[in-house]
Amino acid sequence: MTDGWLKDQVAIVTGAGAGIGRAVTERFVHEGARVVAQDRDAHRLNELKATLGDRCAIAPGDASDPEVIRRSVDMTLNEFGRLDTVVGNVGVFDWHKRVVRMKADEIRSAAQEIFSTNITSHLLLANAAYEALKAAGGSLVLTCSVASFRGGGGGALYTASKFAVRGLVYQLAHEWAPDIRVNGVAPGGTKTSLSGLSALGTQDRALDDDDAVIAAIGAATPLGFAAEPKDHASAYVLLASKSAARAMTGSIIVSDGGLICKV
Ligand SMILES: NC(=O)c1ccc[n+]([C@@H]2O[C@H](COP(=O)([O-])OP(=O)(O)OC[C@H]3O[C@@H](n4cnc5c(N)ncnc54)[C@H](O)[C@@H]3O)[C@@H](O)[C@H]2O)c1
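Conventions and cut-offs
- Residues numbered from 1 in each chain as written.
- Predicted model: local features only at pLDDT ≥ 70, side-chain atom pairs only at ≥ 80, totals over all residues.
- Heavy atoms only, no water.
- Pairing = 2+ DSSP bridges.
- Helix = DSSP H or I, 4+ residues; strand = E, 2+ residues; numbered from the N terminus.
- Axes fitted to C-alpha atoms, helices over the stretch in contact; angles between N-to-C directions.
- Contact = heavy atoms within 4.5 Å.
- Parallel < 35°, antiparallel > 145°, perpendicular 65-115°, else oblique.
- Left-handed = near helix turned anticlockwise from the far one by under 90°.
- Nonpolar A, V, L, I, M, F, W, Y, C, P; charged D, E, K, R; others polar.

1. Focus on the sheet that holds strand 5 (residues 139–143)
Move 1: With parallel pairing, the 7 strands of this open sheet are ordered in space as 3-2-1-4-5-6-7. Edge strands, defined here as strands with exactly one partner in the open sheet, are strand 3 (56–60) and strand 7 (252–255). The sheet shows a mean angle of 15° between the axes of neighbouring strands, taken without regard to direction.
Move 2: Relative to strand 7, strand 6 (residues 181–187) runs parallel, the two being bridged by 4 bridges. What sits directly across from Val185, in strand 7, is Ile253.
Move 3: Packed on one face of the sheet, helix 7 (residues 233–240) meets strand 4 (85–88), strand 5, strand 6 and strand 7 and runs near 170° to strand 6.

Encoded structure:
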């Protein structure tokens with residue numbers, strides 16, 4: 001890909017402070033877009049802003065809070081005047097915790113926490129951004145996962161939440177055509193700080209804390225390595241491009257090193 005695929009476009013990326021969202025934000029700016037970076041970690045956002053300068057604005061807060069999302073969309077329109085692409089990317093992980101190893105009250109609180117971040121945040125974003133995306137003939141891109149297609153990519157909570165993200169891609173693609181395209185990217189195991197759930201006491205456990213986890217991902221992946229966040233960024237650029245992806249809606253680009261091919 002050459003530079004400038006997203007020239008003059010404006011985007012919002014949630015979960016932009018680290019990992020895949022950060023790589024997408026940096027790449028969008030490199031491709032000519034201006035981006036509002038949304039994350040609950042203000043420190044990470046300030047760092048990102050210091051790197052990207054005035055082509056990036058930041059919107060700190062919890063993406064499952066309707067006020068935070070509404071403010072992020074309003075801020076985008078005030079600062080940059082339009083909104084072409086929204087990337088719903090926030091996500092947390094259940095660290096493969098089995099349902100039978102949780103107490104009933106843990107299931108309730110963990111399910112609420114993971115669905116709030118992995119699904120409710122995207123619903124709120126879709127709702128808040130709809131009019132602006134429609135006006136711009138824009139698109140929504142959601143971060144799915146290999147766990148949106150098969151078991152074993154997480155525990156039941158994570159897998160159910162990521163199947164739901166895939167459902168959201170198909171349903172909104174159907175509801176919003178022909179005005180707004182809706183697509184997804186499904187990464188496989190990637191070296192990021194993907195973290196766990198407060199309800200399960202794993203909120204401070206990050207995927208890239210543990211070299212053995214990264215090595216196990218590489219060993220399980222047909223291409224033989226755990227991806228870097230930037231390995232997925234081109235897929236988001238393609239889907240956000242109004243010309244290159246003009247005919248794409250309801251599509252999910254799988255970027256998983258071949259995991260999905262395994263039985
Ligand atoms: N890392 C992987 O192996 C992998 C594989 C497939 C899919 N994914 C998906 O990629 C997406 C990005 O995750 P990542 O791996 O880059 O993790 P990450 O933790 O490196 O980045 C996620 C960012 O989201 C932020 N965040 C989390 N919950 C939030 C909330 N409620 N409100 C606002 N910000 C919040 C975090 O602060 C963090 O900066 C997630 O949807 C995840 O499920 C990751």
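2. Some points on the packing of helix 3 (residues 66–80) against helix 4 (residues 104–136)
Move 1: Running from N to C, helix 3 and helix 4 point in directions that differ by 25°, and their axes come no closer than 9 Å. Relative to helix 4, the element helix 3 is oriented roughly parallel. Along this stretch, helix 3 crosses helix 4, giving a crossing that reads as right-handed. Contacts from Pro66, Ile69, Arg70, Val73 and Leu77 in helix 3 reach Leu124, Leu125, Asn127, Ala128, Ala129 and Ala132 in helix 4.
Move 2: Here the contact of helix 3 with helix 4 is built from residues that sort into 9 nonpolar, 1 polar and 1 charged.

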